[in-house]
Amino acid sequence: MSQHALLSAGAKSWRSLACLRTELRLDLTLGCGQTFRWRETGEGHWTGVMGGRVWTLTQTDDTLWYYTYSTPGSEGEMNGRKRRVGARPHGPVKKAKGMIMVKEEEPTEDQEPKVMTPERDIKEEETLKDYFQLNVKLADLYREWGTADQHFKRIAQTFTGVRMLRQDPTECLFSFICTSNNHISRIQGMVERLCHTLGPPLCQLDGTSYHDFPPLQALADSSVEACLRNLGFGYRARFLQQSARQIVDTHDSRWLDSLRGVPYFQARDALRTLPGVGLKVADCVCLMSLDKACAVPVDTHVWQIAQRDYRCGVGKGQKSLTDKVHRDIGDFFRQLWGPYAGWAHSVLFCSDLKKFQKLKETAVKKEEVAEVKITSEKTAKKSGRGASVPRVKREAVAE
DNA sequence: CTAAGACCTCC
DNA sequence: GAGGTCTTA
């Protein structure tokens, strides 16, 4: 049985890239709801599908480690000859108690060694850099946002390395059509079932099968709505099928990808012609797959953040998130953060997620300790009034 | 432009 | 109700 790779089981067949935690935090970046395709398969190890291949990623202080599994067809790149179909990490790995794995580095006889051609090696490194947009210097951006915005500065101390992914536009679009009236954990399950049912299989690891995202044509088939309703997609099943149908019927196959080269508002308007795609979903697709770094997806939580943390008056007295409020909140944050406003937004969005509240609480405690220390130092000097109680901001929680 | 209601399911 | 969208008034 093939297993998920673990760095502790031997770094030999892993590759790596220099990357600081200030530039990338896998847990936050992969878990903040911009992608629904990654799972933590070991402590700090994330396994998912990217670029038609299954990857496991993990990181140490200054290094991003990656491992790819062989899949049917993926070996064709080497010399046109198909290699093994099974996939497994190199070096058999024994499972000890819980997450602890016993290191064991023996060559296996039942399989050919994973041949890593330089071409594929380079290609995969490029795929990874592209997906995480590692050419964008996140620490520099954090510094700029923090200069203009004290609230951001405070949050950013804890939520470092929250980075926008550059996802496949088709996967991004159809995943986000699933997000309406929904929450992350359920969306994850839906996308998983979608891929399992309509996506090409890639490999199997520890009994879990990994599939690529379904191609557009597969989603456009008229049988898809009923199929997805059976999988618990509800009314979104029709949106998915109809949107796929509309794209296949009225555009050529590269249309969605071509929106990367189109200005933000134009690309957003184009997306909004698709059923199930409103301003929020269109902004998500623009930001997360179409290179529109200034796109700020506005949902009820982002609206709440604007009011609570920025005393933003936009839409005050408004009962619901109208298109106008959408646009005005977006403009508000673009004015505050500049051309990468969408990236900054995701840092605050991430910090508001319930699953990351523990992180925040420990940070608040540290702040309190620091503040008490400062206050008591002052008090000692002036030998005056006692230490004041540090203010703890009451912040609502998303999800 | 804004305000309701409906839409599927799951916790 | 949940990280909306569509339709109708």
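Residues numbered from 1 in each chain as written. Chains lettered and ligands numbered in written order. Predicted model: local features only at pLDDT ≥ 70, side-chain atom pairs only at ≥ 80, totals over all residues. Heavy atoms only, no water.

The name that an unreviewed UniProt entry assigns to chain A is N-glycosylase/DNA lyase, with the source organism given as Aldrovandia affinis. Per UniProt, the comment on chain A under Function (unreviewed entry) is "DNA repair enzyme that incises DNA at 8-oxoG residues. Excises 7,8-dihydro-8-oxoguanine and 2,6-diamino-4-hydroxy-5-N-methylformamidopyrimidine (FAPY) from damaged DNA. Has a beta-lyase activity that nicks DNA 3' to the lesion." Regarding chain A, the relevant UniProt record gives this comment under Catalytic activity (unreviewed entry): "2'-deoxyribonucleotide-(2'-deoxyribose 5'-phosphate)-2'-deoxyribonucleotide-DNA = a 3'-end 2'-deoxyribonucleotide-(2,3-dehydro-2,3-deoxyribose 5'-phosphate)-DNA + a 5'-end 5'-phospho-2'-deoxyribonucleoside-DNA + H(+)". (UniProt positions renumbered as here; feature names shortened; annotations may be inferred.)

(A) Focus on the protein's contact with DNA strand C. In the vicinity of DNA strand C there are 23 residues, among which C32, N181, I184, G278 and V281 approach most closely. Sugar and phosphate atoms represent 52% of those atoms of DNA strand C found within 4 Å of the protein. Within the backbone of V281, an N or O atom sits 2.9 Å from a phosphate oxygen of DNA strand C. Counting only elements with at least two residues in the surface near DNA strand C, the list comes to α13 (279-289) and α14 (300-310). At 4 residues, the largest contribution of residues to the surface near DNA strand C is made by α13. (Near = heavy atom within 4 Å. Polar contact = N/O pair within 3.5 Å; in protein donor to acceptor, adjacent residues only side chain to side chain. Helix = DSSP H or I, 4+ residues; strand = E, 2+ residues; numbered from the N terminus.)

(B) Geometry of the nonpolar core. By size, the foremost hydrophobic cluster in this structure holds 78 residues, and its most contacted members are F152, F174 and L271. Each residue touching L271, except ones within four places of it in the same chain, is listed here: L256, L259, V277, A282, V285, C286 and L290. By size, the runner-up hydrophobic cluster in this structure holds 17 residues, among which are L17, W38, W55 and Y131. (Core = buried A, V, L, I, M, F, W, Y, C linked by side-chain atoms within 4.5 Å. Buried < 20%, exposed > 50% of the residue type's maximum accessible area, 1.4 Å probe, protein only. Contact = heavy atoms within 4.5 Å.)

(C) The arrangement of helix α6 (residues 169-177) in detail. With respect to burial, α6 is a largely interior element, 9 of its 9 residues being buried. Buried within α6 are the following residues: P169, T170, E171, C172, L173, F174, S175, F176 and I177. Elements in contact with the buried residues of α6: α7 (184-198), α8 (216-220), α10 (236-250), α11 (255-258) and α13.

(D) Inspection of the confidence of the model for chain A at higher detail. Overall, the prediction assigns chain A a mean pLDDT of 87, with 83% of residues at 70 or greater. The low-confidence segment residues 90-112, where pLDDT is below 50, has 39 contacts with residues more than four positions distant or belonging to other chains. Overall, residues 382-399 carries pLDDT values under 50, and its contacts beyond four positions in sequence, including any with other chains, amount to 40 contacts. (pLDDT = per-residue confidence, 0-100.)

(E) Broad picture of the pattern of salt bridges. Taken as a whole and assessed by the stated rule, the structure comprises 24 salt bridges. In this structure, the salt-bridge partner of E225 is R229, at a minimum N-O distance of 3.1 Å. One end of the pair is E225 and the other is R229, both in helix α9 (residues 224-230) and 4 residues apart, which spans about a single turn. Salt-bridge contacts for D323 lead to R272; the nearest nitrogen and oxygen are separated by 3.5 Å. With D323 in helix α15 (residues 323-337) and R272 in helix α12 (residues 264-272), this residue pair connects regions lying 51 residues apart in the sequence. Owing to a relative accessible area of 33%, D323 belongs among the partly exposed residues under this scheme. (Salt bridge = Lys/Arg side-chain N within 4 Å of Asp/Glu carboxyl O.)

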